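Secondary and tertiary structure notes
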Amino acid sequence: MKKAYKACKICKRLTTEDVCPVHGEERTKEDWFGFLIVNDVNSQIAKKAGITENGIYAIKVRS
């Protein structure tokens, strides 16, 4: 069974875990919209979104 992605409200990183791997105690949310896959942090999109690490990020995370 596949797990659904969840997003951290602070950094918007997508993960299948219940807590953010970066922020430790921050619970992840299932209510998010759209995503970016960042392979190069020097890209224009990553810079505009303020992303500093490669990964998958939600565009919007609702509380």
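Below is a short write-up of the structure. Here the structure is a predicted model, which means the values were calculated and not measured.

Looking at where Thr28 falls in the secondary structure, it is placed in strand E3 (residues 28–29). Separated by 2.9 Å, the side chain of Thr28 and the backbone oxygen of Glu17 make a polar contact. For Thr28, the residues in contact, after removing those within four places along its chain, are Lys6, Ala7, Cys8, Thr15, Glu17, Asp18, Val19 and Cys20.

This part covers the sheet that holds strand E1 (residues 6–8). Ordered in space as E2-E1-E3, the 3 strands form an open sheet in which the pairing is antiparallel. Taken across any chain shown, the strands that pair with only one partner, and hence form the sheet edges, are strand E2 (14–15) and E3. Bridge count for E1 against E3 is 2 bridges, and the pairing is antiparallel. Within the sheet, the bridge partner assigned to Cys8 lies in E3 and is Thr28.

What counts and what doesn't
- Within any chain, residue numbers begin from 1 and follow the written order of that chain's sequence.
- The model is predicted, so local features are restricted to residues of pLDDT at least 70 and side-chain atom pairs to those at 80 or more, both for listing and for counting; the totals for chains, interfaces and linings are taken over all residues.
- Working from all heavy atoms in the structure, the side-chain values ignore hydrogens and water.
- Here a helix means four or more residues in a row that DSSP labels H or I, a strand means two or more in a row labelled E, and each is numbered from the N terminus.
- Think of a polar contact as two N or O atoms within 3.5 Å of one another; within protein, one of them needs to be a possible hydrogen donor and the other a possible acceptor, and neighboring residues in sequence only count if both atoms come from side chains.
- Two residues form a contact once any of their heavy atoms are found within 4.5 Å.
- Paired strands are those between which DSSP finds at least two bridges.

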